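If you want the building blocks of each chain, they are given just below.
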Amino acid sequence: MVDRPGDHWDRKVANGLAFLRRRLSGDYEVDEFGFDSELTDAVFHPLLRLLYRDWFRTEVSGVEHVPIDGPALVVGNHSGTVALDALILSAALHDKHPAHRYLRLLGADLVFRMPVVSEIARKTGGTVACNPDAERLLGGGDLVGVFPEGFKGIGKLYADRYKLQRFGRGGFVSAALRTGTPIVPVAIVGGEEIYPMLADIKPLARLLKLPYFPVTPTFPWLGPLGMVPLPSKWLIEFCPPIPTAHLTDSADDPLVVFNLADQVRETIQQTVHTLLERRPDPFGP
């Protein structure tokens, strides 16, 4: 049967009304962490798709290194003043992966203390960056995303762009070791240019109880318009997984944890350098 010209829009309207009916009646499911896959697919991923595909012109490679099923810990570099890289990574991975897998992001405590932001983070699959939650997700076969640089990564000055910061105490490695989960390093290039941080007003940050208060070429000078990210060119590359099943007895060995964390960090740093060579113009096509 051939669709009439209006059939496509009729279906979209009907699907939209059905979605609203389910939301209003409470006829939808969330998991124990608050993840709402239907809302993520219908609302959040389409918005992020506009950003990663059309605004940032993102190219994704190496997605074959992310397992088709079962757990994996995806570890990335963090940047950009605002943590858009985590959201872009989760949406791009879901769209490009043959199994359309969801990435369950681990976020800082601050994220889950902020009104509205906390609720959105939970609905899109995020949870607090702590080993118990990470191990529960990995034990359930999920893909878990972590950015070990934390605020040191997204809050660094533009002069330090693409220089990975310290990976903390390697808690993400311990979680992977305890569950025998492979670690998939991922390098992200493009995030450093969206809000280039020229300065950090530390007294104001302390007053507002923030990790930093950024000054960029557009913020705070342009007010709300300063929150529009610059249209940098993004490249995302997933690296070959690092197995950990043979190291499950070493989850509490500081030397093993440190060495593995350093291996992951070095892999990401070298891949970032390679991607930067492929992308000579930060705002090119």
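This text follows the structure it describes.
Residues numbered from 1 in each chain as written. Predicted model: local features only at pLDDT ≥ 70, side-chain atom pairs only at ≥ 80, totals over all residues. Heavy atoms only, no water.

Draft legend 1. Spatial organisation of a nonpolar patch on the surface. A contiguous nonpolar surface patch, about 570 Å² in accessible area, is contributed by Trp55, Trp221, Leu222, Leu225 and Val228. Counting through the fold element by element, Leu222 comes out in the loop between strand S8 (214-215) and strand S9 (235-238). (Patch = residues over 30% accessible without salt bridge, like charges linked within 9 Å, V, L, I, M, F, W, Y side chains within 5 Å. Areas by Shrake-Rupley, 256 points an atom, 1.4 Å probe, with all protein chains shown as cover. Salt bridge = Lys/Arg side-chain N within 4 Å of Asp/Glu carboxyl O. Helix = DSSP H or I, 4+ residues; strand = E, 2+ residues; numbered from the N terminus.)

Draft legend 2. Examining the sheet that holds S9 more closely. Taken in spatial order, the seven strands line up as S1-S9-S6-S2-S5-S3-S4 in an open sheet, and their pairing is mixed. Both outer strands of the open sheet, strand S1 (59-61) and strand S4 (127-128), are each paired with one neighbouring strand and no more. As judged from the two bridges shared by strand S3 (residues 103-107) and S4, these two strands associate in the parallel manner. Looking at the pairing, Gly107 lines up with Val128 of S4. Across the sheet, helix H9 (residues 254-278) touches S1, strand S2 (72-76), strand S6 (183-189) and S9, and the angle it forms with S6 is around 35°. (Pairing = 2+ DSSP bridges. Contact = heavy atoms within 4.5 Å. Axes fitted to C-alpha atoms, helices over the stretch in contact; angles between N-to-C directions.)

Draft legend 3. Structural detail: the environment of Ala121. Of note, Ala121 is situated in helix H4 (residues 117-123). What makes Ala121 buried here is its relative accessible area of 14%. It is 9.7 Å that separates the C-alpha atoms of Ala121 and Leu87, two residues lying 34 residues apart in sequence. Not counting residues up to four positions away in its chain, the partners in contact with Ala121 are Val111, Phe112 and Gly126. (Buried < 20%, exposed > 50% of the residue type's maximum accessible area, 1.4 Å probe, protein only.)

Draft legend 4. The arrangement of the side chain of Ser90 in detail. Tracing the chain through its elements places Ser90 in helix H3 (residues 84-96). On the basis of relative accessibility, which here comes to 9%, the residue Ser90 falls in the buried class. Within the structure, Ser90 has its side chain in polar contact with the backbone oxygen of Leu87 (distance 2.8 Å). Discounting chain neighbours no more than four positions away, the residues touching Ser90 are His45, Leu103 and Leu105. (Polar contact = N/O pair within 3.5 Å; in protein donor to acceptor, adjacent residues only side chain to side chain.)

Draft legend 5. Representation of the pattern of salt bridges within the structure. Enumeration according to the criterion identifies 13 salt bridges in this entry. Across the pair Arg136 and Glu32 runs a salt bridge whose closest N-O atoms are separated by 2.4 Å. Highlighted residues: Arg136 in helix H5 (residues 131-139) and Glu32 in the loop between helix H1 (7-25) and helix H2 (37-55), separated in sequence by 104 residues. Since its relative accessible area comes to 42%, Arg136 is described here as partly exposed. With a closest N to O distance of 3.3 Å, Arg136 and Asp133 form a salt bridge. Here Arg136 pairs with Asp133, and both are found in helix H5, just three residues apart, close to one helical turn. In this structure, a network of salt bridges that share partners links the residues Glu59, Lys233, Glu237 and Arg278.

Draft legend 6. Quick look at the packing of aromatic side chains. According to the stated counting rule, one finds five aromatic pairs in the structure shown. Ring centres of Phe35 and Tyr102 lie 5.1 Å apart, and the angle between their planes is 70°; this geometry places the pair in the edge-to-face category. Taken together, the residues Phe35 in the loop between H1 and H2 and Tyr102 in the loop between H3 and S3 connect sequence positions 67 residues apart. Ring geometry for Phe151 versus Tyr212: centroids 6.5 Å apart, planes at 70°, classification edge-to-face. With Phe151 in helix H6 (residues 151-154) and Tyr212 in the loop between helix H8 (202-208) and S8, the pair connects residues that are 61 residues apart, well separated along the chain. A relative accessible area of 10% means that Tyr212 is categorised as buried. In this arrangement the basic side chain of Arg161 is found over the ring face of Tyr158, its NZ or CZ atom lying 4.1 Å from the centre. (Phe/Tyr/Trp six-rings, centres within 6.5 Å; stacked < 30°, edge-to-face > 60°. Lys NZ or Arg CZ within 6 Å of the ring centre and 35° of its normal.)

Draft legend 7. Representation of the pairing of strand S5 (residues 143-146) within the structure. The side-chain alternation of S5 yields two buried faces, one formed by Leu143 and Gly145 and the other by Val144 and Val146. Inspection of the sheet shows S2 paired to S5 by four bridges, in the parallel sense. Along S5, the bridge assignment pairs Val75 with Val146. Here S3 runs beside S5; their pairing, made up of three bridges, is parallel. Looking at the pairing, Leu105 lines up with Gly145 of S5.

Draft legend 8. Structural context of unusual backbone geometry. A cis geometry characterises the amide bond from Phe219 onward to Pro220, with omega recorded as 5°. Inspection of the secondary structure puts Pro220 in the loop between S8 and S9. One non-glycine residue, Thr81, adopts positive backbone phi at about 70°. In this structure, Thr81 sits in the loop between S2 and H3. According to the relative accessible area criterion, Thr81 is buried, its value standing at 7%. In the Ramachandran plot, Tyr162 falls in the positive-phi region, its phi being about 60° despite a non-glycine side chain. Here Tyr162 shows up in the loop between H6 and helix H7 (171-179).

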